[in-house]
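# Report on the structure
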Amino acid sequence: MTFTRRQVFGLTAGAAAFVAVAPRISFAATDDTEAAIKAFTGGAEPATGTVTLDTPEIAENGNTVPVGVSVESPMTADNYVESVLILAEGNPSPAVATFHFTAMSGAAEAKTRIRLAKTQNVIAVAKMNDGSTFIDRKEVKVTIGGCGG
Amino acid sequence: MANPKPRVKVPKKASKGEVITIKTLISHPMESGQRKDKEGNLVPRQIINTFKCEFDGQLVFECDMDPAVSANPYMEFNAKVENSGTFKFTWVDDDGSIYESENKITVE
């Protein structure tokens, strides 16, 4: 079987995409991070979906990595997102920030800039006012670490 | 330490019920407590640990920050406005200092 030039390009791109996605499948969180998530959710295992973490794939400077989080919610007085916890697994201390929203927020979205010590997973855990919790993880590759120095 | 200067961007006008985006930035070193000086001693932690946004006394958005938030902490978030009023922004430093800023908005 012979490949055309176009097919070869398509295959290579597909393989590259798979390799890039593969490491995300293994979510090996450190103990500290697990403990922080448990403390935040009250022991419950958070479901995936609903919360979306927006991070760059590669951060050149670990001192300022833009991070955004958004949660799907109508944000009314009886159905809103209470808080969102941001964690960085590979930092000396995983806690980054906790956002607290109210019905006055209108939309459960926030953006900030964080420090990342090395290439690692950034985690967002959202807690609704009814107590349900949701999680999202994204890997960020860091070229120059943002701690110590 | 230089006096931290807050900078806030709030639209001057909005329509009733509109969800507006607010951007804030404050100049602050956010000393993480991980860094060492030339002699190898740890530089003590000094960060802004809480940021709060209120609209006419009602809480809109609050953020607890840890040392992993970058220097000159930037925050972008939303608020739903139903009537004209004043946004009040408060930053609380580890040393107890409080930095404040106020912005008016007109709802048409």
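Since the model is a prediction, treat every value here as computed from it, not as a measurement.

What follows deals with the overall build of chain A. Looking only at helices and strands, one finds two helices and nine strands in chain A. Secondary structure elements in chain A, listed N-terminal to C-terminal, are α-α-β-β-β-β-β-β-β-β-β. Across the 149 residues in chain A, those meeting the buried criterion constitute 42%. For chain A, the proportion of contacts with a sequence separation of at least 24, taken over those separated by at least 6, is 64%. Looking at chain A as shown, the accessible area adds up to about 7,700 Å², and 57% of this sits on carbon and sulfur atoms.

Note on terminology: disulfide describes a covalent bond linking the sulfur atoms of two cysteines. Applying the stated rule across the entire model yields zero disulfides over all chains. Cysteine Cys53 of chain B is unpaired, with the sulfur of Cys63 of chain B as its nearest cysteine sulfur at 12 Å.

With that settled, the discussion passes to the interface of chain A and chain B. Contacts between chain A and chain B engage 26 residues on the former and 30 residues on the latter. Each partner contributes to the roughly 2,300 Å² buried at the junction of chain A and chain B, and carbon and sulfur atoms together form 50% of this total. Taken together, the links from chain A to chain B amount to one salt bridge. In this structure, the salt-bridge partner of Lys111 of chain A is Glu76 of chain B, at a minimum N-O distance of 3.6 Å. The interface formed by chain A and chain B includes 19 residue pairs in polar contact (both at pLDDT 80 or more). Listed by contribution, the elements that provide at least two residues to the side of chain A that touches chain B are β6 (95–101) and β7 (108–114) of chain A. A per-element tally of the side of chain A that touches chain B places β6 of chain A first, with seven residues.

How each quantity is defined
- Residues numbered from 1 in each chain as written.
- Chains lettered and ligands numbered in written order.
- Predicted model: local features only at pLDDT ≥ 70, side-chain atom pairs only at ≥ 80, totals over all residues.
- Heavy atoms only, no water.
- Helix = DSSP H or I, 4+ residues; strand = E, 2+ residues; numbered from the N terminus.
- Buried < 20%, exposed > 50% of the residue type's maximum accessible area, 1.4 Å probe, protein only.
- Contact = heavy atoms within 4.5 Å.
- Areas by Shrake-Rupley, 256 points an atom, 1.4 Å probe, with all protein chains shown as cover.
- Disulfide = S-S within 2.5 Å.
- Buried area = accessible area lost by both parts, 1.4 Å probe.
- Salt bridge = Lys/Arg side-chain N within 4 Å of Asp/Glu carboxyl O.
- Polar contact = N/O pair within 3.5 Å; in protein donor to acceptor, adjacent residues only side chain to side chain.

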